[in-house]
Number of protein chains: 2
Amino acid sequence: MALPSIDTGRHENTLAVIRSLRDHGPVARIDLGALNGISSATVTSITAELLQQGLIAERPPELPRPTGRGRPKTLIQLAPGAACVICVKLSINEIQLVVGDFAGQITHSEHHIVHTLTMSAANLVTLLEEKISAICGRQLEGFQRLAGICLAVQGVVSSQSGTITWSPALSFRNAPISAQLAERFHCTVLLENDANCIASLLASQPEYAHATNLVVIMLGYGIGMSVLINGVPFVGANGSAAEFGHSKYLPNGALCACGRRGCIEAYASDYALYREATQHLALPAGDSAHPSEQQMQALTQLALTGNPEASRIYAEAGQALGYGIANVLALFNPDLVIITGSGVRGFEAMQTSMHAAIDDALVTELIGATRIESCAWDRDMTCMGAIAMTLDATDAQTLLDSQTVREA
Amino acid sequence: MALPSIDTGRHENTLAVIRSLRDHGPVARIDLGALNGISSATVTSITAELLQQGLIAERPPELPRPTGRGRPKTLIQLAPGAACVICVKLSINEIQLVVGDFAGQITHSEHHIVHTLTMSAANLVTLLEEKISAICGRQLEGFQRLAGICLAVQGVVSSQSGTITWSPALSFRNAPISAQLAERFHCTVLLENDANCIASLLASQPEYAHATNLVVIMLGYGIGMSVLINGVPFVGANGSAAEFGHSKYLPNGALCACGRRGCIEAYASDYALYREATQHLALPAGDSAHPSEQQMQALTQLALTGNPEASRIYAEAGQALGYGIANVLALFNPDLVIITGSGVRGFEAMQTSMHAAIDDALVTELIGATRIESCAWDRDMTCMGAIAMTLDATDAQTLLDSQTVREA
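This is a predicted model, so every value here is computed, not measured.

It is worth spelling out the overall build of chain A at this point. Each helix and strand in chain A was counted, giving 13 helices and 16 strands. Taken over the C-alpha trace, chain A has a radius of gyration of 23 Å; the compact-globule value for 408 residues is 22 Å, and the two agree within 12%. Each principal axis of the C-alpha atoms in chain A carries an extent, and together these give about 70 × 55 × 40 Å. Within the span of chain A, comprising 408 residues, buried residues form 55% of the whole. Taking contacts inside chain A between residues at least 6 apart in sequence as the whole, the part at least 24 apart equals 63%. Accessible surface, chain A: about 17000 Å² in total, of which carbon and sulfur atoms supply 51%.

Here you go:
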């Protein structure tokens with residue numbers, strides 16, 4: 001069977017239509033044309049083909065509003081069952097697996113507590129194969145195909161070679177991991193830094209569309225960062241760029257989880273805040289090296305309600321964060337810095353000293369027009385971003401597969 | 001008169017041939033084809049046209065070597081007089097003007113001591129117009145055309161808008177400057193950061209060709225940096241990226257020329273080294289706030305010959321530099337960091353503590369495979385780089401002009 005030949009312009013337009021439907025949800029044909037700068041004749045032709053391939057569906061027109069004129073428009077939407085992706089978020093002693101449908105929505109999510117820090121690379125691959133197989137067996141009914149798998153990992157990864165270089169969640173180093181999963185599950189396997197997943201998701205939102213040079217700082221157990229340059233994640237020569245958490249606040253300062261001293265993370269991460277707090281405050285019992293969300297919320301409350309020690313600790317964290325951000329401004333000159341992640345719960349207690357530190361560190365010309373904003377962590381943007389990246393990376397293959405099925 | 005129509009592929013190949021001749025010097029036709037991946041028929045046709053336009057010349061074959069086989073090859077070289085560019089390097093209280101010929105060689109150079117720090121933007125433009133006019137009147141005989149002018153400036157510039165945002169050499173800010181010169185001299189005017197000129201020059205050298213992610217740190221009176229990402233200078237959202245000198249070593253540390261405290265520059269620049277040294281050592285008389293090359297060489301000699309105070313001062317500067325470079329490695333993950341500039345004279349006295357600081361600051365996974373090298377400052381790479389950038393930016397226009405002249 002010959003593969004269908006591809007008209008490049010048509011192919012690009014088709015992918016753009018799929019992407020628009022994913023970003024915007026149900027859209028009328030006329031708006032699809034406007035969003036992508038293509039003619040209505042082309043939209044009609046592309047949507048007819050996508051309908052036939054089962055990748056999109058028409059949604060019955062809504063009732064006309066009382067004030068509406070003309071007949072209501074038929075909306076087009078992605079067929080959720082056309083394909084799915086599985087994303088695995090790997091954090092310290094925890095993995096989360098989610099299934100995303102073709103429209104980018106989460107249809108299934110599960111957590112597992114596992115001792116990631118004591119695992120070998122082979123153990124990890126075996127565990128992932130097991131968990132993904134189980135999902136394939138039980139959760140993928142109604143999907144035409146598994147388009148891809150994404151591993152979103154804290155730390156340094158080489159997306160190109162599919163290798164985990166160094167992660168605070170793992171004790172092994174430089175482990176190739178994507179190839180084995182790709183062979184086992186016969187699909188595309190992406191390996192991404194977790195902060196890059198979040199940044200990609202944020203960058204696709206209309207409110208941040210103007211910020212082509214975007215820095216996203218992720219506060220939490222550790223501290224991650226993603227830098228988008230002209231909208232593209234900047235990973236450096238070997239994938240270890242944007243390691244903001246291990247840039248320096250103070251030579252010979254506080255001990256970091258990486259083993260070195262004075263990193264930003266050693267002051268402003270959850271473990272650092274809690275470690276400092278246990279020296280001075282009576283806190284709820286629990287694992288003080290790996291504080292839970294509940295423990296962190298209790299500490300944050302103390303700071304926000306004026307406990308002097310807790311306030312001092314957050315203010316110092318804000319100062320370290322501010323000096324770190326000052327370096328990011330001097331070196332990257334971004335349009336926008338967004339601070340998010342679960343640790344943003346404590347941002348209110350840090351922001352005054354953070355801004356003071358930035359002003360203290362840099363002349364106004366180097367702060368320039370860069371805006372610094374926080375973004376609430378009210379949903380897990382890592383998995384949502386990983387799903388979107390995986391679908392974007394596999395749309396061309398899904399399109400080809402559905403054409404092949406139709407022509408077979 | 002109609003402008004000649006341009007065949008895009010042919011045009012690109014012609015520009016590539018010109019660029020090869022500039023980078024490599026005289027080359028045989030057959031090698032020009034190999035260097036640019038174009039057929040010998042195309043090379044023959046392109047060089048015939050360039051010969052007719054007076055942009056290249058043939059060089060008589062050299063005598064065959066005793067062991068040589070076959071007849072010696074005729075070499076092609078750029079016609080130096082086909083065009084020239086003028087570059088102005090603006091530093092604190094000094095401007096240097098150079099003329100570069102079409103082959104990229106400096107044919108004239110002059111220095112002027114001027115009080116840059118007390119000048120208004122209007123004064124600077126008037127001064128530049130005067131000095132450039134004088135060069136046009138006296139130094140450009142034998143050149144077919146002035147193709148362009150480049151201002152290479154310490155500090156933050158917006159190349160796109162031709163505006164000097166902030167320079168340690170100037171007390172005014174945000175001054176548009178290129179447009180007035182372009183109008184006065186009827187040619188392309190480039191405005192570039194001085195470190196970007198150096199990085200562009202280094203990146204074009206075969207020994208650094210593999211380093212597509214290249215960081216160049218320029219030590220001197222101040223400290224500058226250029227970051228090439230995939231070979232292209234990274235300037236950030238508004239042109240103020242890569243301001244390494246003002247990234248932080250120590251919160252509330254030594255006073256920097258920018259007015260803030262704890263910048264890398266406040267420890268490792270010429271003025272910082274000399275300022276610290278005057279506290280502890282008897283040094284040759286001179287301007288201690290703006291030490292001369294001679295004063296700096298005397299100080300460096302003390303450090304290199306084992307004077308304990310001088311050695312300590314350079315070791316501390318090396319430590320600050322090392323912590324700053326550690327941040328650059330964590331954030332940019334480059335293939336290669338090159339340290340150069342006039343301040344590299346003292347690198348030998350700094351490098352041990354610099355490497356120790358990097359090892360102290362970062363886990364090996366974040367140092368990765370990045371090489372850190374120094375490059376002797378035995379010629380002024382700023383002007384050489386500015387000439388090359390200006391010629392590259394104006395080759396298309398020079399080509400068009402020479403075609404127009406021929407066809408008129």
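Looking now at the pairing of strand E7 (residues 146–153) of chain A. Residue and element names in this part refer to chain A. Burial runs high along E7: 8 of the 8 residues are buried. Inspection of the sheet shows E7 paired to strand E11 (residues 188–193) by 6 bridges, in the parallel sense. Note on E11: the bridge partner recorded for Cys150 is Leu190.

All names here are of chain B. Applying the stated criterion across every chain, the model contains 31 salt bridges over all chains. With its nearest N and O atoms 3.7 Å apart, the salt bridge here joins Asp23 to Arg19. Of this pair, Asp23 and Arg19 are both found in helix H1 (residues 8–24), 4 residues apart, which corresponds to roughly one turn of the helix. You can call Asp23 partly exposed: its relative accessible area is 43%. The residue Glu309 makes a salt bridge to Arg312 at a minimum N-O spacing of 3.0 Å. Of this pair, Glu309 and Arg312 both sit in helix H10 (residues 308–332), 3 residues apart, roughly one helical turn. The partly exposed category is assigned to Glu309, whose relative accessible area is 28%.

All names here are of chain B. You can see Val125 is positioned in helix H4 (residues 121–138). Each C-alpha atom, one on Val125 and one on Gln180, is 7.7 Å from the other, the two residues being 55 residues apart in sequence. Ignoring sequence-local partners within four residues, the contact set of Val125 consists of Ile177 and Gln180.

Right, let's get into the interface of chain A and chain B. In this complex, chain A contributes 46 residues to the contact, which on the side of chain B involves 46 residues. In total, about 3700 Å² of surface goes out of reach between chain A and chain B, with carbon and sulfur atoms giving 59% of it. In terms of surface lost to chain B, no three residues of chain A exceed Leu331(A), Asn333(A) and Glu365(A), which account for 19% of the buried area on that side. In this structure, the connection of chain A to chain B is made through 2 salt bridges. For Glu365(B), the salt bridge is made with Arg173(A), and the minimal N-O distance between the two is 2.5 Å. Along the contact surface separating chain A from chain B lie 24 residue pairs in polar contact (both at pLDDT 80 or more). Contributions of two or more residues to the side of chain A that touches chain B are made by strand E9 (163–166), strand E13 (223–229), helix H10 (308–332), helix H11 (347–361) and helix H12 (364–367) of chain A. Counting residues per element, the side of chain A that touches chain B draws most heavily on H10(A), at 7 residues. Partitioned by chemical class, the residues of the side of chain A that touches chain B number 26 nonpolar, 12 polar and 8 charged.

Right, let's talk about the relation of the copies chain A and chain B for a bit. Mapping chain A onto chain B leaves a residual RMSD of 0.1 Å; the transformation is a rotation of 180° accompanied by 0.0 Å of translation along its axis. Those values place the two copies in the arrangement expected of a two-fold rotation axis. Minimal C-alpha separation from the rotation axis in chain A is found for Leu250(A), amounting to 3.1 Å. Residue by residue, 100% of the interface of chain A is reproduced at the interface of chain B, so both copies engage with the same surface.

We now examine helix H8 (residues 270–280) of chain B. Along H8(B), the residues that are buried comprise Asp270(B), Tyr271(B), Ala272(B), Leu273(B), Tyr274(B) and Ala277(B). Its buried side turned inward, H8(B) meets helix H7 (265–268), helix H9 (293–304) and H10 of chain B.

Residues and elements named next belong to chain A. With respect to the helices and strands, Ser167 occurs in the loop between E9 and strand E10 (175–176). The buried category is assigned to Ser167, whose relative accessible area is 1%. From its side chain, Ser167 meets the backbone oxygen of Gln154 in a polar contact 2.8 Å long. Non-local contacts of Ser167, meaning those with residues more than four positions away in its chain, are made with Val153, Gln154 and Gly155.

Residue and element names in this part refer to chain A. Spatially, 5 strands are ordered E14-E13-E12-E15-E16 in an open sheet, and the strand pairing comes out mixed. Each edge of the sheet is formed by a strand with only one pairing partner; in this case those strands are strand E14 (232–233) and strand E16 (371–374). For strand E12 (residues 214–219) and strand E15 (residues 336–340), the ladder comprises 5 bridges, and the chain directions are parallel. Looking at E15, one finds that Val215 is bridged to Val337. Sheet strands in contact with helix H6 (residues 194–203) are E12, E13, E14 and E15, and its direction is about 130° off that of E12.

All names here are of chain A. As assigned here, chain A comprises domain 1 (8–62 + 72–78), domain 2 (82–186 + 381–407) and domain 3 (205–374). For domain 2 and domain 3, the distance between their C-alpha centroids amounts to 28 Å. Tallying the contact residues gives 7 residues for domain 2 and 9 residues for domain 3. The junction of domain 2 with domain 3 conceals about 680 Å² of combined surface from both sides, 68% of it contributed by carbon and sulfur atoms. Among the residues domain 2 hides against domain 3, the three largest losses belong to Ile92, Val156 and Trp166. Together they make up 49% of the total. Across the contact surface, domain 2 and domain 3 share 0 salt bridges. For the pair domain 2 and domain 3, the interface holds 0 residue pairs in polar contact (both at pLDDT 80 or more). Of the residues belonging to the side of domain 2 that touches domain 3, the class tally is 5 nonpolar, 2 polar and no charged.

Below, the discussion takes up H11(A). Residue and element names in this part refer to chain A. Here H11 contains 15 residues, and its C-alpha end-to-end distance of 20 Å stays within 8% of the 21 Å for a straight helix at 1.5 Å per residue. Listing the buried residues of H11 in full gives Phe347, Met350, Ser353, Met354, Ala357, Ile358 and Ala361. Where the residues of H11 are buried, they touch E12, H10, E15, H12 and E16.

A few words now on the sheet that holds strand E8 (residues 156–158) of chain A. Paired through their backbone hydrogen bonds, the strands of a sheet run either parallel or antiparallel. Residue and element names in this part refer to chain A. The antiparallel open sheet is built from 3 strands, whose spatial order is E8-E9-E10. The open sheet has two edge strands with one neighbour each: E8 and E10. Across 2 bridges, the pairing between E9 and E10 is antiparallel. From the neighbouring strand, Ile164 faces E10, where its bridge partner is Ala175.

Attention now moves to the packing of H1(B) against helix H2 (residues 29–36) of chain B. All names here are of chain B. At a minimum axis separation of 10 Å, H1 and H2 run at an interaxial angle of 110°. Considered as vectors, H1 and H2 are oriented roughly perpendicular to each other. Of the residues in H2, those in contact with Ala16, Val17, Ser20, Leu21 and His24 of H1 are Leu32, Leu35 and Asn36. Tallied by class, the residues present in the contact of H1 with H2 amount to 5 nonpolar, 3 polar and no charged.

What counts and how
- Residues numbered from 1 in each chain as written.
- Chains lettered and ligands numbered in written order.
- Predicted model: local features only at pLDDT ≥ 70, side-chain atom pairs only at ≥ 80, totals over all residues.
- Heavy atoms only, no water.
- Helix = DSSP H or I, 4+ residues; strand = E, 2+ residues; numbered from the N terminus.
- Rg over C-alpha atoms; globule rule 2.2 N^0.38 Å.
- Buried < 20%, exposed > 50% of the residue type's maximum accessible area, 1.4 Å probe, protein only.
- Contact = heavy atoms within 4.5 Å.
- Areas by Shrake-Rupley, 256 points an atom, 1.4 Å probe, with all protein chains shown as cover.
- Pairing = 2+ DSSP bridges.
- Salt bridge = Lys/Arg side-chain N within 4 Å of Asp/Glu carboxyl O.
- Buried area = accessible area lost by both parts, 1.4 Å probe.
- Polar contact = N/O pair within 3.5 Å; in protein donor to acceptor, adjacent residues only side chain to side chain.
- Nonpolar A, V, L, I, M, F, W, Y, C, P; charged D, E, K, R; others polar.
- Least-squares fit on C-alpha atoms with pLDDT ≥ 70 in both.
- Axes fitted to C-alpha atoms, helices over the stretch in contact; angles between N-to-C directions.
- Domains from an automatic or database assignment.
- Expected span 1.5 Å × (residues − 1).
- Parallel < 35°, antiparallel > 145°, perpendicular 65-115°, else oblique.

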